[in-house]
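# Coordinate inspection notes
Single-letter residue listing:
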Amino acid sequence: MNRVAAFDEDLVADHKTTPYVPRSGLSVDAIMQSVRNFTTLSEALRILGAAVILASMSVFLLQGWNEGNDISRYLLLLAQTGLLATAGFAMSHGLKEAKGARIFFGLALVSIPANFTILGALLYSVFQWDGGLTTYPGYASWQIENVASTGLTLGGAMVVLLPVTLFCFAIMARHSARSLSVHFLLINALLLLPIRSSMAAGTIALLGILYVLYAVGKMTAKDRSLKTGEGKFALVTMFISLGIILFRSMYFYQVDSLMVAMVSLALFLSARQVSLFPDRSARLSALLEMLSLPFAMIAALALTDALAPSLINGLDVALFAVVYTALALDVLRRTGSRHLRKVIGVSIALAVSVSFTFSVANDPTALTALLALAAGVMLMLWGVAGRRAVASIGGTLTAIAGAFFGFEVLLQLILNSSWIDLAIFGALAITLGSVVDRHGVVIKLRLEKWFKSVGEQKEQIALEN
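Residues numbered from 1 in each chain as written. Predicted model: local features only at pLDDT ≥ 70, side-chain atom pairs only at ≥ 80, totals over all residues. Heavy atoms only, no water.

Within the protein, the regular secondary structure consists of 17 helices and zero strands. Approximately 27,300 Å² of the protein is accessible, and the part contributed by carbon and sulfur atoms is 69%. (Helix = DSSP H or I, 4+ residues; strand = E, 2+ residues; numbered from the N terminus. Areas by Shrake-Rupley, 256 points an atom, 1.4 Å probe, with all protein chains shown as cover.)

Here you go:
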């Protein structure tokens, strides 16, 4: 037993021995810190180089070189695109450096909309669908000498741009390279349209954004690789040409209310798509949902201002309220923030109540009075159904304002109307009341079931992805 005890004491004493430390002058921590330092430096150099190349392309779009004609100047930009793709290929297969290669391929992809922009300017100098060339700035003017040179320049550009597009997308998202290339080239082809008016540019850009959002949603549901960094970059490049269309029209030509409405609506739709993107950041989604409200307000105001001259007095207020309410309700339906839902409900109530009350108080006609009464009743019912105090109070006050300011004109309308008109109106009101009483609950339940199924489908898609 004594021997065992002594042996145990020796074991305990062995635990107190000092661990062996190697005598080498380099530690693992020092080596890892050196690697991190070099990695940070390399990333900084890559970012600096990419920024300089992008700056050179931006300057070229507005200035170019003074030597040679416009075609030779454009060929230099086309050559730069080819060199960027070649440099990426050399970095990938020669130096086996993937990060630098992806940056070169990404820059080549970004330079393609710049090429289409210059091609569009060259075509616009020959073919025009409007009279905007007289107001085209001289420093941004690109001209082609004859029609024959147009086909040669366009054909030569496509020989370079088409394979570069396909190859770059194959590097960024191999499984969706063909789909991305087709959609990308179709969107960039909009830059070739020989039209520069504000209304046309805004309409083209808005339709293009709707097309891109549809295409992006369809592709992301099939290809999970598009959720990586390279895949998201490939998707973002789809919007570059549409931004150029809007910027070109706003910078070079007179900006009107319709153009502002188109841009605001385009920003609203883009923010909506990004906020619903799978694997999105919760903070980014909340920020985009908050930004969607001012976009909706600007779009409603600008569209009302643009269409007000062609509308009857009173309908402009209704147009503003309908546009803003529809966009705000879309944000209200998809947001997950309670505070934002309360803010949206208050903003809708104030927008509807203030606009219709001001309209009937400023111009008390039968139309404005009836619109105020209808808007007030609907706002009040919406507030009661959702337990929104501000909406209930605002709807009640709007209905009271419509009845108070429009009492005389409504009375005159009734007295001057024929008994047949009044009978038809009364019969329609009774019929509508009966339909609501009999089928209102069923309609409400079906709508709730439909909204719930849409939400469950989105959650299921998000879980699968």
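Mapped onto the elements, Ser347 comes out in helix H13 (residues 338-362). A distance of 2.7 Å separates the side chain of Ser347 from the backbone oxygen of Ile344, its partner in a polar contact. (Polar contact = N/O pair within 3.5 Å; in protein donor to acceptor, adjacent residues only side chain to side chain.)

This brings us to the pattern of salt bridges. Following the criterion strictly, the structure yields four salt bridges and no others. Notably, a salt bridge pairs Arg333 with Asp330, separated by 3.6 Å at the nearest N-O pair. Placement of the pair is Arg333 and Asp330 together in helix H12 (residues 315-334), with a separation of three residues, close to one helical turn. Several salt bridges share partner residues, and in doing so they unite Arg272, Asp330, Arg333 and Arg334 into one network. (Salt bridge = Lys/Arg side-chain N within 4 Å of Asp/Glu carboxyl O.)

This part is about the nonpolar core. Core analysis: the biggest nonpolar cluster contains 88 residues, and Tyr74, Leu161, Leu180, Tyr324, Ile344 and Phe356 have the highest contact counts within it. Of the residues forming this core, the biggest block, 12 residues, is contributed by helix H4 (residues 98-124). (Core = buried A, V, L, I, M, F, W, Y, C linked by side-chain atoms within 4.5 Å. Buried < 20%, exposed > 50% of the residue type's maximum accessible area, 1.4 Å probe, protein only.)

One can find Ser353 in helix H13. Taking the C-alpha atoms as reference points, Ser353 and Thr398, 45 residues apart in sequence, are found 5.5 Å from one another. Once residues within four sequence positions are removed from consideration, Ser353 is found in contact with Leu379, Gly394 and Thr398. At a separation of 2.9 Å, a polar atom in the side chain of Ser353 contacts the side chain of Thr398. (Contact = heavy atoms within 4.5 Å.)

A few words on the packing of H12 against helix H14 (residues 366-385). One way to put it is that H12 packs onto H14 with a least axis distance of 10 Å and a crossing angle of 15 degrees. Considering their axes alone, H12 and H14 lie roughly parallel with respect to each other. Seen along the crossing, H12 lies across H14 with a hand that is left-handed. Residue-level contacts link Leu315, Ala318, Leu329 and Leu332 of H12 to Leu367, Leu371 and Trp382 of H14. Residue composition of the contact of H12 with H14, by class: seven nonpolar, no polar and no charged. (Axes fitted to C-alpha atoms, helices over the stretch in contact; angles between N-to-C directions. Parallel < 35°, antiparallel > 145°, perpendicular 65-115°, else oblique. Left-handed = near helix turned anticlockwise from the far one by under 90°. Nonpolar A, V, L, I, M, F, W, Y, C, P; charged D, E, K, R; others polar.)

A word on the packing of aromatic side chains. The final tally for this structure, using the stated rule, is four aromatic pairs. With a centroid separation of 5.1 Å and an interplanar angle of 80 degrees, the aromatic rings of Phe404 and Phe405 are classed as edge-to-face. Of the residues examined, Phe405 reaches a relative accessible area of 35% and is grouped as partly exposed. (Phe/Tyr/Trp six-rings, centres within 6.5 Å; stacked < 30°, edge-to-face > 60°.)

This next bit is on unusual backbone geometry. For Arg387, which is not a glycine, the phi torsion comes out positive at approximately 55 degrees. Here Arg387 lies in the loop between H14 and helix H15 (389-405). The class for Arg387 is exposed, based on a relative accessible area of 81%.

On the surface, Val274, Leu284, Leu287, Met290 and Leu291 cluster together to form a nonpolar patch covering roughly 410 Å² of accessible area. Of the residues forming the nonpolar patch, the biggest block, four residues, is contributed by helix H11 (residues 282-307). Locating Leu291 in the fold gives a position in helix H11. On the basis of relative accessible area, Leu291 is assigned to the partly exposed category, the value being 36%. (Patch = residues over 30% accessible without salt bridge, like charges linked within 9 Å, V, L, I, M, F, W, Y side chains within 5 Å.)

Another point: the packing of H13 against H14. At a minimum axis distance of 9 Å, the contact between H13 and H14 shows a crossing angle of 160 degrees. Judged on the interaxial angle alone, H14 and H13 are roughly antiparallel. The chirality of how H13 crosses H14 is left-handed. Each of Gly345, Ile348, Ala349, Val352, Ser353, Phe356, Ser359 and Val360 in H13 lies in contact with H14, whose residues at this interface are Thr368, Ala369, Leu371, Ala372, Ala375, Leu379 and Trp382. Tallied by class, residues from the contact of H13 with H14 come to 11 nonpolar, four polar and no charged.

Bringing the environment of Ser275 into the picture now. You can see Ser275 is positioned in helix H10 (residues 257-275). We classify Ser275 as buried; its relative accessible area is 1%. Through-space distance from the C-alpha of Ser275 to that of Leu288 is 6.2 Å; in sequence the pair is 13 residues apart.

With 19 residues, H10 should reach 27 Å at 1.5 Å per residue; the first-to-last C-alpha distance of 27 Å fits that figure. When H10 is considered as a whole, its buried residues turn out to be Leu258, Met259, Ala261, Met262, Val263, Ser264, Ala266, Phe268, Leu269, Ser270, Ala271 and Ser275. (Expected span 1.5 Å × (residues − 1).)

What follows is about the confidence of the model for the protein. Chain-level statistics for the protein give a pLDDT mean of 75 and a share of 65% at 70 or above. Within the protein, helix H1 (residues 2-14) has the poorest average pLDDT of any element, 44, and helix H6 (residues 177-189) the best, 92. Overall, residues 1-26 carries pLDDT values under 50, and its contacts beyond four positions in sequence, including any with other chains, amount to zero contacts. Long-range and interchain partners of residues 64-68, a stretch whose pLDDT sits below 50, account for eight contacts in this model, where long-range means more than four residues apart. (pLDDT = per-residue confidence, 0-100.)

Turning our attention to the environment of Arg196. Residue position: Arg196 is located in the loop between H6 and helix H7 (198-222). On the accessibility criterion, Arg196 (2% relative accessible area) is buried. The sequence separation of Arg196 and Gln128 amounts to 68 residues, and the corresponding C-alpha distance is 8.9 Å.

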